[in-house]
Amino acid sequence: MDLSIFMSYVFWKNLGISIAILLVFLILRKIFSKYVFNLLIKLSDKTPTDALTHLFRSFEKPIQWMFIIVGIYVAASFFPHFDETNKLFLVLIRVSYIILISWGLYNMSSDSSTFFTKMRNRYNLDIDDILIPFLSKALRVIIVVISISVVAEEFGYNVSGFVAGLGLGGVAIAFAAKDALSHLLGGFVIITEKPFRIGDWILTPDVEGTIEEITFRSTKIRTFSQAIVTVPNAMIANGPITNWSKMGKRQINFNLRVSQETPKEKLELVVKEIEQLVSKHTGVHPETIFVKFDAFKENGYDIFLYFFTNTTVWAEFLKVKEDINFGIMEILEREGVSIALQSRKVYVDNELIQNEPKSIDE
């Protein structure tokens, strides 16, 4: 047989085997995705926890790609005119494995917040709700950093030397990243001092609302108009923070002015009934309640009200305040007592010539 014909035969034979091997692994990948993986999921669903299910789902895509990588590696040994022992080829194969494993671990870490929450609840660990998202994000960053380091080592880079070299330019890097570092440190201050938690209602010099999320760099606050405001952690940590959710009770304090034509007996009765109204309201804190005839004014008598609500939730607080106001209106109507209006009286030679209500604008 002619040598050229034989070489051509060998070439096409090896190429066919190589392609066939790759097709076999693609078929195995399809079988795994459609049958084996679904079987594993059904079996894991019967376990007491969902950890195994989450593990399988996290590595579903990486394992599918693993079939392709293994298929390429095996097929390369038959591919014509290709050296499967080539150093760069072997490095690329190893790097592919590293990336696939890192991919699966990264997917697993996405649910680490749930894991940390369960561990805290099961073992009564002192882990704040703010700290859990930080731990989850830190775990993902660690996985990415380690993966990049291992990949760099595979390509021959001296990671230790690179890290040591950063020390030489550390001052310049720190100066360039000073804002990012200040926000990161602000995040750690928020975690350690715990001025607020996720879900708390806070007031800062810049924004007021409910805490929705805390990241390494910033804190997301939902205002009462339902807008999301993202505030850098450094700004929050360095300014005064009022945490309304930390209040055990919320104050109501105002003066009620009744007409100066109100008789003493009626005034005493109104004060007593308003005090009973406030004391019997289930939304009012019973310890500190003051309803007193406070002062004489030009156009009436001031009744001073000072008490606290049991709730600190804004909507519930307003509801209690509204109930009290309606109750006071009923008492005044029942007793025939009117609210004092601002008025103006003009006398000429000791004779009254005008007595008319004065509008608020005047």
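Reading the values: rules and limits
- Residues numbered from 1 in each chain as written.
- Predicted model: local features only at pLDDT ≥ 70, side-chain atom pairs only at ≥ 80, totals over all residues.
- Heavy atoms only, no water.
- Helix = DSSP H or I, 4+ residues; strand = E, 2+ residues; numbered from the N terminus.
- Pairing = 2+ DSSP bridges.
- Axes fitted to C-alpha atoms, helices over the stretch in contact; angles between N-to-C directions.
- Core = buried A, V, L, I, M, F, W, Y, C linked by side-chain atoms within 4.5 Å.
- Buried < 20%, exposed > 50% of the residue type's maximum accessible area, 1.4 Å probe, protein only.
- Contact = heavy atoms within 4.5 Å.
- Polar contact = N/O pair within 3.5 Å; in protein donor to acceptor, adjacent residues only side chain to side chain.
- Phe/Tyr/Trp six-rings, centres within 6.5 Å; stacked < 30°, edge-to-face > 60°.
- pLDDT = per-residue confidence, 0-100.
- Salt bridge = Lys/Arg side-chain N within 4 Å of Asp/Glu carboxyl O.

**Overview of unusual backbone geometry**
A negative phi angle characterises most non-glycine residues, just as the trans form characterises most peptide bonds. Of note in the backbone geometry, Q226 takes a positive phi value of approximately 70 degrees without being a glycine. Topologically, Q226 is positioned in the loop between β3 (218-222) and β4 (228-232).

**Section: the sheet that holds strand β1 (residues 201-203)**
Whether parallel or antiparallel, the strands of a sheet pair through hydrogen bonds between backbone atoms. A sheet is described by the order of its strands in space; here five strands give the open sequence β4-β3-β2-β1-β5, paired in antiparallel fashion. At either margin of the open sheet sits one strand with a lone partner, and together these are β4 and β5 (242-243).

**Observations concerning the sheet that holds strand β8 (residues 300-309)**
Spatial ordering of the open sheet is given by β6-β8-β7, a layout of three strands whose pairing is antiparallel. Of all the strands in the sheet, just β6 (250-259) and β7 (284-297) have a single pairing partner and so form its edges. Averaged over neighbouring strand pairs, the angle between their axes works out to 15 degrees when direction is ignored. Bridge count for β6 against β8 is 10 bridges, and the pairing is antiparallel.

**Comments concerning the nonpolar core**
One recurring pattern in soluble globular proteins is that nonpolar side chains are buried together. Grouped together as the largest cluster of nonpolar side chains are 22 residues, with contacts concentrated most on I274 and I303. Mapped by element, the contributors of at least two residues to this core are β6, α11 (264-280), β7, β8 and α12 (314-335). Tallying contributions element by element places α12 first for this core, with six residues. Within the second largest apolar cluster, 11 residues are counted, among which are F134, F196, I214 and I236.

**A few points about the environment of R222**
Locating R222 in the fold gives a position in strand β3. Its relative accessible area of 24% is what places R222 among the partly exposed residues. Between the C-alpha atom of R222 and that of E208, which follows or precedes it by 14 residues, the distance is 8.1 Å. If near-sequence neighbours (up to four positions away) are discounted, R222 is found in contact with G209, T210, E212, A227 and I228. One polar contact links R222 to E212, side chain to side chain, over a distance of 2.5 Å. A polar contact is formed between the side chain of R222 and the backbone oxygen of Q226, at a distance of 2.9 Å.

**Here we look at the packing of aromatic side chains**
Scanning the entire structure with this criterion turns up 10 aromatic pairs. A ring pair is formed by F290 and Y306, whose centres lie 6.2 Å apart and whose planes are at 45 degrees; its orientation type is tilted. Residue F290 is found in strand β7, and its partner Y306 is found in strand β8; the two are separated by 16 residues along the sequence. Relative to F296, the ring of F293 has its centre 5.2 Å away and its plane inclined at 80 degrees; by these criteria the two rings are edge-to-face. The partly exposed category is assigned to F293, whose relative accessible area is 36%. Classification of F296 by relative accessible area gives exposed; the value is 65%.

**Quick word on the pairing of strand β2 (residues 208-214)**
Here β1 runs beside β2; their pairing, made up of three bridges, is antiparallel. Within β2, the residue paired with I202 across the bridge is G209. Between β1 and β2, which pair antiparallel and follow one another directly, the connecting turn spans four residues. As paired strands, β2 and β3 are joined by four bridges and run antiparallel to one another. Within the sheet, the bridge partner assigned to T210 lies in β3 and is R222.

**Here we look at the confidence of the model for the chain**
On average, residues of the chain score 81 in pLDDT, and 79% of them reach the 70 mark or higher. Residue range residues 358-362 is modelled with pLDDT below 50. Its contacts to residues more than four positions away, or to other chains, number three contacts.

**Quick notes on the pattern of salt bridges**
All told, the structure shown has nine salt bridges when counted by the stated rule. Here E273 ties to R334 by a salt bridge, and the two come within 2.9 Å at their closest N and O atoms. Here E273, found in helix α11, pairs with R334, found in helix α12; they are 61 residues apart in sequence, far enough to count as distant. In this structure, the salt-bridge partner of E335 is R334, at a minimum N-O distance of 3.9 Å. Residue class for E335 comes out buried when judged on its relative accessible area of 11%. Here R334 falls in the exposed class, since its relative accessible area comes to 53%.

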